[in-house]
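# Descriptive analysis of the structure
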Amino acid sequence: MSVKYIEDESKFVLETQNSLYVLQILYDKFPVHLYYGSKDDLSGLAYVNPYKSFSPYFEQYGINYSPDVGMAEYSYFGSGDFRVTPLRIKNKNGDSVTHFTYKAYRIFDGRCDLQGLPFAAADGNTQTLELILKDSVSGCEIGLYYTVFEKEDVISRYVRVTNNSDSPVKIEKLMSLMLDLPSCEYDMISLYGAHNAERNFQRVPLFHGVQSVMSRRGASSHQYNPFIAICDKKTTERQGDVYGFNFVYSGDFLDEVDVDQTGNTRIQIGLGSENFTWLLESGQSFMSPEAVMTYSSCGLGGMSSNFHRFVREHILPPEPFERRPVVLNTWEACYFNIDEREMLRFAKSAADAGIDMLVMDDGWFGARNNDKAGLGDWYVNRDKFKNGLKSFVDSVKAYGIKFGIWIEPEMVNPDSDLYRAHPDWCIRCAGRESTLSRNQLVLDMSNPKVLEYLKDSFAKSFDGVGIDYFKWDMNRHMSEVGSPALAPERQGETAYRYMLGVYDLYRWFNEHFPNAMIENCSGGGGRYDLGMMKYCTQIWTSDNTWPKKRMKIQYSSTLAYPPCVMSCHVSNPHNVCENPDELKYRWHVALNGPLGYEMHLPNASEIIKDTVKEQVKKYREYEHLILRGEFHRILSPFDSNYYAYYFTNAEHTEFLLSFEQSYGESPVKLTLSMPEAEVGTRYTDTVSGDEYSGRMLADGITIKTKEKDPYSVMWHFVRND
Ligand code: GLA
């Protein structure tokens, strides 16, 4: 049992393999937080509510309980807690004050369905605690949910608001997770970035006041990832306490951290309030998206491995093929200059190199000869593919390879048949000019007619064609957010309803094309989040394929997400690089995730073609580790000039160790250790043929950096039997 109720103490204990979470119902009314951390002896654990002057209290309980201080499970706007609030609901009296008190609880196997949102799948061990609370003035009830994923050390949190009053209420802010911690001696880790430079690692000490990362862009965004971590100041890759948080959602979000007057820290993850309100009619419920948290005492690496297992076991869709395809993508080599003849040259060269799939990127549909026109017109361009898509795809498949295609369903160019027919199908505010970005507007995915049109046109174009893979792109953020299809009092629901529409279309693709996989993309990794991972097997990590920059992007992506989702391509678009060693470096860097190529392979020299063929073959020897192995970081490219990491299998009989140096420097010696190696046995590096003792691998092998760049080394150790 991972959820227990201790009746005589009114305590709930949530237990995972390596963590405990304890809460209590105080005075039969107030859910307070007692503990989240490792499995210590918790006897004597009691709620502390330090007195602070100016802090409001209820007459019956005096200063023993004030909502303003101490640790709570959830909080409410305007009723005595002055810290950041997770919930604000405007009631019929026009004020937004609530105070919810405990009514009942329920413990059940499994979890709740989140009504059109992505959420983590339950398994046989999953249990959920529901706390039901009520606010008599607004007439609302809330359900606080804690779903426990025991083996992965993850607890997920989500909130239901039900309007039991006889008039509508307006939800003005709703956070899925609130966690109070009894200290502020922490660092906060977050990932900031930009297009072409996603997920930079930032670690800063917490300070008194509110610190936050957020997106109000209609997408989780390149600029801030929804993942954050709070860790002890001494936490390293392998040691120390760390709490990791993430959000199973792909639109706007807010991660808030508030260090209060008593030195406690409040963490909140949710939709926020800037681009979200919801009119809740009498008798209706609203369910928040899911937020997740994990605790590890084994440093950042421990947190990552919890999240990696969780994403693989409970978020990602089933693998669509027996093995993950190595792709040849046409974008960097061709941009919009594609036609049947050229694409078949690509298909042949892919097949010759042992590549599994041709991915035809942008430019195949409508009047799409550049980025100014065509988005929304999802029918094949007959000037480029005179016999239509099916005949072309059959010819590709005749080479014995799979076929993937690029789409950007959520967007429209004003210069398109779709826009000319339905100018009111875009996100826009009445009477206001809509700003363009990449010459495009955002379709109103909250409008069922738009969804119907898209499903219909994709079915017409793709049914029976045998597409194995969709690269689903999203190349602008949302501005002037409003929906012509919604009433004025519901305009604040647009961005959220948009995401429900997007998820509906993703589910339709998964169901309508059950034999195809989806690679998500948003100008690279602009929607690199758990919501997308529910429907997509992998994500295009970044449009930046320059290895020296990629190292950083890939390092940080592995903090919260498993390498098996991180699409990594060797890029040599115009075959400028003729040096197999340089190409080997790019390949090494790309071996951090599922492999692909961005190059004009048909025009490449024989040397390059042979090199690619050899690389694909070698990748096959490692892919089981890259896609399914445990992943451990050793050196961070944010601390130094190098990135080092390894993959290992569950039995630790195999290690794939990678060292990558970004720039040349005066040589220094570094030690790369793999503590899981079995001491007392011997391993052979299949790359060099050299033998190593398990002790040597566990203590660390030494490597000398080079004056000349690029430089990288890879070892593949296999235990001698
Ligand atoms: C985005 C993607 C690229 C490519 C282009 C096509 O920028 O990130 O990989 O697909 O769109 O327009």
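Residues numbered from 1 in each chain as written. Predicted model: local features only at pLDDT ≥ 70, side-chain atom pairs only at ≥ 80, totals over all residues. Heavy atoms only, no water.

### Some words on the domain arrangement of the protein chain
For interface size, the figure often reported is the accessible area lost on association. By the assigned domains, the protein chain splits into domain 1 (3–40 + 47–315), domain 2 (327–628) and domain 3 (633–719). For domain 1 versus domain 2, the distance between C-alpha centres works out to 34 Å. Facing 55 residues of domain 1, the contacting portion of domain 2 comprises 47 residues. With both chains or domains summed, domain 1 and domain 2 bury close to 4,000 Å², and 55% of this area falls on carbon and sulfur atoms. (Domains from an automatic or database assignment. Contact = heavy atoms within 4.5 Å. Buried area = accessible area lost by both parts, 1.4 Å probe.)

### Topic: the layout of surface pockets
Roughly 490 Å³ of volume is contained in the largest pocket. Surrounding the largest pocket, 22 residues form its lining, Gly 301, Gly 302, Ser 305, Asn 306 and Arg 309 being those nearest its centre. A per-class count over the lining of the largest pocket returns three nonpolar, 12 polar and seven charged. Within this model, the second largest pocket holds a volume of roughly 330 Å³. As for the second largest pocket, its lining consists of 22 residues, and the residues nearest its centre are His 195, Asn 475, Ser 522, Gly 523 and Asp 543. Residues of the lining of the second largest pocket, tallied by class, amount to five nonpolar, nine polar and eight charged. When residues of the lining of the second largest pocket are sorted by domain, at least three fall in each of domain 1 (3–40 + 47–315) and domain 2 (327–628). (1 Å grid on protein atoms, 1.4 Å probe; cavity = no way out; pocket = protein on both sides within 12 Å on 5 of 7 lines; lining within 4 Å. Points joined across faces, edges and corners; volume = space filled by probe spheres on them. Nonpolar A, V, L, I, M, F, W, Y, C, P; charged D, E, K, R; others polar.)

### Re the environment of His 632
Turning to its location among the elements, His 632 is positioned in strand 31 (residues 630–635). For the pair formed by His 632 and Tyr 646, sequence separation is 14 residues and the distance between their alpha carbons is 5.4 Å. The contacts of His 632, once residues within four sequence positions are left out, are Arg 238, Tyr 645, Tyr 646, Thr 648 and Glu 676. Reaching out from His 632, the side chain makes a polar contact with the side chain of Glu 630 at a distance of 3.3 Å. (Helix = DSSP H or I, 4+ residues; strand = E, 2+ residues; numbered from the N terminus. Polar contact = N/O pair within 3.5 Å; in protein donor to acceptor, adjacent residues only side chain to side chain.)

### So, the packing of aromatic side chains
Per the counting criterion, the structure on display carries 65 aromatic pairs. Centroid distance Phe 58 to Tyr 65: 6.5 Å. Interplanar angle 10 degrees. Geometry classified as stacked. Residue Phe 58 is classed as partly exposed on the basis of its relative accessible area, which comes to 25%. Arranged with centres 5.1 Å apart and planes meeting at 55 degrees, the rings of Phe 470 and Phe 513 form a pair that is tilted. (Phe/Tyr/Trp six-rings, centres within 6.5 Å; stacked < 30°, edge-to-face > 60°. Buried < 20%, exposed > 50% of the residue type's maximum accessible area, 1.4 Å probe, protein only.)

### Quick notes on the site of the ligand
Lining the immediate surroundings of the ligand are 13 residues, of which Asp 361, Asp 362, Arg 438, Lys 471 and Asp 543 lie closest. Asp 362 has a polar side-chain atom sitting 2.6 Å from an oxygen atom of the ligand. Contact between the ligand and Arg 438: an oxygen atom at 2.9 Å from a side-chain N or O atom of the residue. Protein burial of the ligand: of its 310 Å² of free accessible surface, 96% is covered by the chains. (Near = heavy atom within 4 Å. Areas by Shrake-Rupley, 256 points an atom, 1.4 Å probe, with all protein chains shown as cover.)

### Remarks on the sheet that holds strand 1 (residues 3–6)
Taken together, the four strands give an open sheet; going across it, the order is 1-2-3-4, and neighbouring strands pair in antiparallel fashion. Edge positions in the open sheet fall to strand 1 and strand 4 (30–37), since each of these has one partner strand only. The average angle at which neighbouring strand axes cross in this sheet is 20 degrees, direction not considered. Bridge analysis of strand 3 (residues 20–26) against strand 4 gives seven bridges, and the strand direction is antiparallel. Bridge pairing in strand 4 links Ile 25 to Pro 31. (Pairing = 2+ DSSP bridges. Axes fitted to C-alpha atoms, helices over the stretch in contact; angles between N-to-C directions.)

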